[in-house]
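Chain residues, written in single-letter form:
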Amino acid sequence: MNLSKFRNKLKDTRTKKGQTLREFANSLGFSSSYISKIENGKVNPSITSIEKISEKLKIPMSDFF
């Protein structure tokens, strides 16, 4: 999995949809600081988190391999 590609796509898609970190994180049951850390490469998300984020953004996980 290309986490760099995932992080970039996460941030780009989230902002294009007009969602703040807080709104996006709350919709998934995550903290906004966790999403920020993912986007900035400070934490590697679990596969479960990647699945939830991918589903929310409607991006197939296969796009990150």
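The structure contained in this document is the topic of the report that follows. Keep in mind it's a predicted model, so treat the numbers as computed, not measured.

With that settled, consider the overall build of the protein. Secondary structure assignment for the protein yields four helices and zero strands. Order of helices (α) and strands (β) in the protein, N terminus to C terminus: α-α-α-α. At 10 Å, the protein has a C-alpha radius of gyration in line with the 11 Å of a compact globule built from 65 residues. In terms of principal-axis extent, the alpha carbons of the protein reach across some 25 × 20 × 20 Å. Per-residue burial for the protein yields a buried fraction of 31% across its 65 residues. Partitioning the intrachain contacts of the protein with sequence separation of at least 6 by distance along the chain shows that 61% fall at a separation of at least 24. Put simply, the protein shows about 4000 Å² of open surface, and 47% of that area lies on carbon and sulfur atoms. Where the 13 positive side-chain charges of the protein centre and where its 6 negative ones centre are 5 Å apart.

This part takes up the packing of aromatic side chains. Here the structure, examined in full by the defined rule, presents one aromatic pair. For the ring pair Phe 30 and Tyr 34, a centre distance of 5.3 Å and an interplane angle of 65 degrees mean the geometry is edge-to-face. The partly exposed category is assigned to Tyr 34, whose relative accessible area is 22%.

A side chain with one charge can pair with a side chain of the opposite charge if their charged atoms come near. In this structure the tally under the stated criterion is one salt bridge. Taking the shortest distance from any N to any O, the salt bridge between Arg 14 and Glu 39 comes out at 2.8 Å. With Arg 14 in helix H1 (residues 3–16) and Glu 39 in helix H3 (residues 32–39), the pair connects residues that are 25 residues apart, well separated along the chain. Given a relative accessible area of 6%, Arg 14 falls into the buried group.

The biggest cluster of nonpolar side chains holds 13 residues, and the ones touching the most others in it are Phe 6, Leu 10, Phe 24, Ile 35 and Ile 53. For this core, the secondary structure elements donating two or more residues are H1, helix H2 (21–28), H3 and helix H4 (47–57). With near-sequence residues (within four places) excluded, Phe 6 lies in contact with Ile 38, Pro 45, Ile 50, Ile 53, Ser 54 and Phe 64.

Cut-offs applied
Residues numbered from 1 in each chain as written. Predicted model: local features only at pLDDT ≥ 70, side-chain atom pairs only at ≥ 80, totals over all residues. Heavy atoms only, no water. Helix = DSSP H or I, 4+ residues; strand = E, 2+ residues; numbered from the N terminus. Rg over C-alpha atoms; globule rule 2.2 N^0.38 Å. Buried < 20%, exposed > 50% of the residue type's maximum accessible area, 1.4 Å probe, protein only. Contact = heavy atoms within 4.5 Å. Areas by Shrake-Rupley, 256 points an atom, 1.4 Å probe, with all protein chains shown as cover. Lys, Arg positive; Asp, Glu negative; His and termini not counted. Charge placed at Lys NZ, Arg CZ, Asp CG, Glu CD. Phe/Tyr/Trp six-rings, centres within 6.5 Å; stacked < 30°, edge-to-face > 60°. Salt bridge = Lys/Arg side-chain N within 4 Å of Asp/Glu carboxyl O. Core = buried A, V, L, I, M, F, W, Y, C linked by side-chain atoms within 4.5 Å.

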